[in-house]
Amino acid sequence: MSDYPPLRLHVPEPSGRPGRPTDFNYLQLCPAGRAEKPPVDVAPVDTRELATQLIRILDEDGCAVGPWATEEAPDLLLQGLRAMLKTRLFDARMLKAQRQKKLSFYMQCLGEEAIAVGQTLALRPDDMHFPTYRQQGILIAREAPLDEMICQLLSNARDPLKGRQLPVMYSYRDLGFFSISGNLGTQYIQAVGWAMASAIKGDTRIAAGWIGDGATAEGDFHAALTFAHVYRAPVILNIVNNQWAISTFQAIAGGEGITLATRGIGYGIAALRVDGNDFLAVLAASRWAAERARRNLGPTLIEWVTYRAGPHSTSDDPSKYRPADDWAHFPLGDPIDRLKAHLIGRGLWSDAQHQALAAELEAEVAAAQKAAEAHGTFASDLAPSAADMFEEVYQDLPPHLRRQRQQLGK
Ligand SMILES: Cc1ncc(C[n+]2csc(CCOP(=O)(O)OP(=O)(O)O)c2C)c(N)n1
């Protein structure tokens with residue numbers, strides 16, 4: 001007889017389920033202004049506290065407090081507000097277009113707008129992003145042509161990717177936006193490699209890798225951290241912890257009882273855990289990490305704490321696995337509302353101006369949609385040429401693909 005009780009397998013579960021509210025205490029939040037701001041040449045092991053606490057600047061009243069707070073230029077904040085709002089309105093309109101069967105698929109970034117927009121505005125235009133499918137805010141902050149983005153979503157005759165990619169899998173080399181791949185995590189190690197190349201060439205550009213909480217469980221995440229540390233790659237390693245990976249809670253990706261930022265420490269990488277819904281904190285933390293990278297001080301891992309407010313994609317129904325009103329109770333609120341409150345508090349903005357901006361942006365997105373639809377929608381026959389299907393598999397069309405194209409009569 002054994003002295004021990006039978007072993008039991010532990011399977012993490014979220015506290016909230018449909019009809020049962022989430023207990024958000026697991027987030028271990030702390031008040032705005034609490035976290036210290038070390039110099040950028042801090043030793044990675046000395047960021048342990050910053051990887052377990054939460055860097056926040058905006059307090060409950062929308063005031064900027066603490067050592068990370070800086071007096072931000074009104075223009076930059078208004079630019080951020082505009083890009084976030086445009087991203088949200090773009091998402092809402094594209095979601096509707098998917099329901100109207102004009103596009104086959106869509107993914108919103110509702111609630112996560114501050115992270116992609118804020119980091120983009122903190123970096124230089126020629127720095128390179130390796131995004132996931134939920135960072136359309138980068139493209140919008142870099143003023144990608146909306147009508148062209150919509151052509152990609154519609155897979156129409158003007159789709160810059162010629163109908164070869166699922167909607168939202170954009171690619172914008174000129175805007176420093178690496179081609180999105182459906183395979184989770186692959187871009188993380190590629191971001192590190194790009195950053196290493198920048199260092200090998202003696203360039204001054206840095207890379208930003210992006211990954212979701214769920215995808216940190218992929219092997220590529222761990223390979224990326226090892227390479228980034230070993231070669232001190234000039235890269236910002238972003239983890240967007242929106243609490244969910246489709247229907248699985250972040251605990252099942254390894255986030256139970258420990259923050260994902262802490263992972264960085266074990267690899268020898270400086271790490272920060274930041275309020276992802278606090279636009280000012282996003283700017284400040286991104287700048288700090290960028291400065292480290294540019295000064296050859298190495299990579300920084302940043303866990304952004306946020307909430308995936310919408311469904312995972314248009315193929316998902318979150319009411320099957322989480323409380324329907326979960327976002328309303330998420331303690332870090334809505335990034336747009338919080339920046340708006342800050343700007344109003346500083347006398348730089350008003351409700352009336354906000355409404356006027358929303359109307360202006362809504363008209364801009366609607367006009368872009370109309371222009372894009374003139375080149376066809378998913379449901380129409382204005383599609384990219386079938387002959388294009390064989391191009392760019394290799395640099396030059398090999399004989400067997402030429403034969404296949406001929407068999408198609410093209
Ligand atoms: C290698 C791989 N495994 C599984 C999938 C299917 N898949 C697509 S999105 C997703 C969830 C990703 O969650 P997370 O990384 O948290 O990002 P989020 O969608 O929340 O932004 C999964 C499992 C995939 N695309 N690639």
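Cut-offs and rules
Residues numbered from 1 in each chain as written. Predicted model: local features only at pLDDT ≥ 70, side-chain atom pairs only at ≥ 80, totals over all residues. Heavy atoms only, no water. Near = heavy atom within 4 Å. Polar contact = N/O pair within 3.5 Å; in protein donor to acceptor, adjacent residues only side chain to side chain. Nonpolar A, V, L, I, M, F, W, Y, C, P; charged D, E, K, R; others polar. Helix = DSSP H or I, 4+ residues; strand = E, 2+ residues; numbered from the N terminus. Buried < 20%, exposed > 50% of the residue type's maximum accessible area, 1.4 Å probe, protein only. Pairing = 2+ DSSP bridges. Axes fitted to C-alpha atoms, helices over the stretch in contact; angles between N-to-C directions. Contact = heavy atoms within 4.5 Å.

1. What to know about the site of the ligand
The ligand sits among 15 residues. The nearest are Tyr-133, Arg-134, Gly-182, Gly-214 and Trp-244. At a separation of 3.2 Å, a nitrogen atom of the ligand approaches a polar backbone atom of Leu-184. Between the ligand and Asn-242, the relevant distance is 2.9 Å, taken from an oxygen atom to a side-chain nitrogen or oxygen of the residue. Its residues assigned to classes, the shell around the ligand shows six nonpolar, six polar and three charged.

2. Some thoughts on unusual backbone geometry
For residues besides glycine, phi is generally negative; the peptide bonds are generally trans as well. Although it is not a glycine, Gln-243 adopts a positive phi angle of roughly 75°. Looking at the element boundaries, Gln-243 is found in the loop between strand S3 (235-241) and strand S4 (244-245). Residue Ile-246 is not a glycine yet carries a positive backbone phi of 50°. Taking relative accessible area as the criterion, Ile-246 reaches 42% and is therefore assigned partly exposed.

3. Considering the sheet that holds strand S1 (residues 128-130)
If you trace the five strands from one edge of the open sheet to the other, you get S1-S2-S3-S7-S6, paired in parallel fashion. The open sheet terminates on both sides in strands that have one partner only, identified here as S1 and strand S6 (270-275). Adjacent strand axes in the sheet meet at a mean angle of 20°, parallel and antiparallel pairs treated alike. As judged from the six bridges shared by S6 and strand S7 (residues 300-305), these two strands associate in the parallel manner. By the bridge assignment for S7, Asp-275 is matched with Val-305. Contacts from helix H3 (residues 113-122) reach S1, strand S2 (207-212), S3 and S7 within the one sheet, and its direction differs from that of S2 by about 175°.

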